[in-house]
Amino acid sequence: MHLRNVEMFCNAVELRSFSRAAEQQKVSQSAVSQAIQQLEKRLGMQLIDRSKRPFEVTAAGHLYFDGCRDLLHSFREVEDRVRELGDKIVGRIRVVAIYSVGLIQINETIDRFEREYPEVEVLIDFVHPDEVYRRVGQEQDELGLVSFPKSKGMFECLHWQDQPMVIAVGPDHEWFDRSTISAAELDGVRFVGFKPNLFIHKAIDRWFREVGVSVETVHEFDNIEYVKRDVESGSGVALLPEPTLRDECQRGRMKAIEVEGTSWVRPMGMIHRKSRELSLATRKFIEVLKNECHSELSVSSDH
């Protein structure tokens, strides 16, 4: 029970939320709070300052978290290695991904993986790109899914897929019935983009310069879901990865239009710490992600 309490405490600190820790642990928020209170009573020290909103981790809490996180990681690694002696695929995989990874597609992949390997639990969280690198770097998560991945320093990157970039328009836009446009037609168009601190913003600017296009940026967001909702409402068009639009296109809420004569793609990768030996379950999950991507590309090329 003590180890379980430690796990809930570490989850709450990592996710910076009692409710999200409860969701990940599949318990009530009250259970997480009680677990942490039991640890504080046992230690005789306050680990979390609940008087602040959001809560703050105390100095003792930081010290306890740093040590316990490493212990939990080592404990899980030992358990996984023992189980693997019997050729079992077991364990827990913690994945952190950017918001625009394609929520429906990745959740469907996780569901299929867990059906094939019922003794493996995949936990995934969606965050800002910088947070993906931070969490993988601090070994809070084993695997990170990012766009325009960087394979340097402490990180090793595995190529995952190249997502075609298309023009997204809403149902009331004059281009809605079209399947292709020329790059020149984008000149002067009302455009919904991403915040300048995101790498995809820089990539889009570079692509537009290459074809001599200048757009009128009306809004910028740091979340692809906000970009899509703004395009759908009629504010302008956007340049987005095609897989992230499939649900809206199937529902007739948006249209994905190919830009003629371009090969604009968003590279997607999987990152992990170079110093960390991936579990057998994680290696199998990586295989499934790659195979799903190849199958999807084959279907797309047939059409």
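Whatever comes next refers back to the structure up there.
Residues numbered from 1 in each chain as written. Predicted model: local features only at pLDDT ≥ 70, side-chain atom pairs only at ≥ 80, totals over all residues. Heavy atoms only, no water.

## Notes on the overall build of the protein
Link 1 in the chain: Of regular secondary structure, the protein possesses 10 helices and 12 strands.
Link 2 in the chain: The principal-axis extents of the C-alpha atoms in the protein amount to approximately 65 × 50 × 35 Å.
Link 3 in the chain: When the 303 residues of the protein are sorted by exposure, 47% land in the buried category.
Link 4 in the chain: Of the contacts formed within the protein by residues at least 6 apart in sequence, a portion of 73% connects residues at least 24 apart. (Helix = DSSP H or I, 4+ residues; strand = E, 2+ residues; numbered from the N terminus. Buried < 20%, exposed > 50% of the residue type's maximum accessible area, 1.4 Å probe, protein only. Contact = heavy atoms within 4.5 Å.)

## Observations regarding unusual backbone geometry
Most peptide bonds adopt trans geometry, and most residues besides glycine take a negative phi value.
Link 1 in the chain: For the bond from Arg53 to Pro54, the omega torsion is 0°, close enough to zero to count as cis.
Link 2 in the chain: Its place among the elements puts Pro54 in the loop between β1 (48–49) and β2 (56–57).
Link 3 in the chain: Located in the positive-phi region is Lys26, a residue other than glycine, with phi close to 60°.
Link 4 in the chain: Checked against the element boundaries, Lys26 lands in the loop between α2 (18–25) and α3 (29–43).
Link 5 in the chain: A relative accessible area of 63% places Lys26 in the exposed class.

## As for the packing of helix α1 (residues 2–15) against α3
Link 1 in the chain: Packing of α1 against α3 brings their axes to within 9 Å, and their N-to-C directions diverge by 110°. In terms of orientation, α1 lies roughly perpendicular with respect to α3. The two elements α1 and α3 cross, and the hand of that crossing is left-handed. Here α1 contributes His2, Asn5, Val6, Met8, Phe9 and Ala12 to the contact with α3, which in turn contributes Ala31, Val32, Ala35, Ile36, Gln38, Leu39 and Arg42.
Link 2 in the chain: Partitioning the contact of α1 with α3 into residue classes produces nine nonpolar, three polar and one charged. (Axes fitted to C-alpha atoms, helices over the stretch in contact; angles between N-to-C directions. Parallel < 35°, antiparallel > 145°, perpendicular 65-115°, else oblique. Left-handed = near helix turned anticlockwise from the far one by under 90°. Nonpolar A, V, L, I, M, F, W, Y, C, P; charged D, E, K, R; others polar.)

By themselves, these are just geometric observations and shouldn't be taken as functional.
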